[in-house]
Amino acid sequence: MTLKDFERKAQEAFLEAAHYIARADRLITAEEKERLAFYRREAGISEEEYPADGSGNKLDEAMAVLRLLSMEQRQFVFDELEGLAMCDSDYNSSEQIVVNAIRDMLHID
């Protein structure tokens, strides 16, 4: 499964959640920026349509969309978002809190 398999609204919601996680510790590292750009390209969304800095301010709206996905899709979303939080080798408490909240919002066991 990839982001290409999702509808546009879910892709944008995923990107919003990804930016939220990347900003959880108030610092977006080079590794996180690279991963965010990869997700945007994988979804087929141009930087003009979704700027590289994203907003990351609409987590509740993003989760409302992502909660409607199948369990398999929600698990994929969670796994990718958790991987993003860990990609810079600094999985700190701020990121852990956000990841745990997203797990709960997506109803992932």
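Keep in mind it's a predicted model, so treat the numbers as computed, not measured.

**A closer look at the overall build of the chain**
Across its full length, the chain holds five helices and zero strands. For 109 residues, the compact-globule formula gives about 13 Å, and the C-alpha radius of gyration of the chain, at 12 Å, lands near that figure. Overall, the chain is about 35 × 30 × 25 Å in size when its C-alpha atoms are taken along their principal axes. Classification of the 109 residues of the chain by burial places 47% in the buried group.

**Structural notes on helix α5 (residues 93-105)**
In this model α5 runs 18 Å from its N-terminal to its C-terminal C-alpha over 13 residues, within 8% of the 18 Å that 1.5 Å per residue would give. Residues of α5 that are buried in the fold lie against α1 (8-22), α2 (30-43), α3 (59-66) and α4 (71-86).

**Section: the pattern of salt bridges**
Note that side chains of opposite charge can pair when their charged atoms are close. The tally for this structure, following the rule as stated, stands at four salt bridges. Note that E47 and R40 form a salt bridge whose closest N and O atoms lie 3.9 Å from each other. Using a relative accessible area of 41% as the deciding quantity, one classes E47 as partly exposed. The salt bridge involving E82 is made with R103; its shortest N-O contact spans 3.7 Å. One end of the pair, E82, is in helix α4; the other, R103, is in helix α5, with 21 residues separating them in the sequence.

**Brief notes about the packing of aromatic side chains**
Under the criterion given, the structure shown has three aromatic pairs. Between the aromatic rings of F14 and Y39, the centroid separation amounts to 4.9 Å while the plane-to-plane angle is 85°, which identifies the pairing as edge-to-face. Of this pair, F14 sits in helix α1 while Y39 sits in helix α2, and the two are 25 residues apart along the sequence. Classification of F14 by relative accessible area gives buried; the value is 1%. Residue classification places Y39 among the buried positions, given a relative accessible area of 1%. Where F38 meets Y39, the ring centres are 6.0 Å apart and the plane angle is 55°; that geometry is what we call tilted. Aromatic rings pair up to connect F14, F38 and Y39 into one cluster.

**Observations concerning the nonpolar core**
Among the nonpolar cores identified, the biggest contains 33 residues, and V77 and I102 are the most heavily contacted of them. In terms of residue count, the dominant contributor to this core is α1 (eight residues). With near-sequence residues (within four places) excluded, V77 lies in contact with F6, F14, L66, L69 and L106.

Calculation rules
- Each chain carries its own residue numbering, running from 1 in the written order of its sequence.
- Confidence filtering applies because this is a predicted model: local features only for residues at pLDDT of at least 70, side-chain atom pairs given and counted only at 80 or more, and all residues used for totals across whole chains, interfaces and linings.
- Based on all heavy atoms of the structure, the side-chain values leave hydrogens and waters out of the count.
- The helix count covers DSSP runs of H or I at least four residues long, the strand count covers runs of E at least two residues long, and both are numbered beginning at the N terminus.
- Just to be clear, the radius of gyration here is over C-alpha atoms, and the globule rule we use is 2.2 Å times residues to the power 0.38.
- A simple rule labels every residue: compare its accessible area, found with a 1.4 Å probe on the protein chains alone, to the largest value its type can have, and call it buried under 20%, exposed over 50%, or partly exposed in between.
- By this rule, a helix spans an expected 1.5 Å times one less than how many residues it contains.
- What makes two residues a contact is simply this: any of their non-hydrogen atoms within 4.5 Å.
- Note on definitions: salt bridges are taken to be side-chain nitrogens of Lys or Arg within 4 Å of carboxyl oxygens of Asp or Glu.
- Stacked, tilted and edge-to-face are the three classes applied to pairs of Phe, Tyr and Trp rings, where Trp contributes its six-membered ring and a pair requires centres within 6.5 Å; stacked means planes under 30 degrees apart, edge-to-face means over 60, and tilted covers the rest.
- Joining through side-chain atoms within 4.5 Å is the link that ties buried Ala, Val, Leu, Ile, Met, Phe, Trp, Tyr and Cys residues into a set, and such a set is a nonpolar core.

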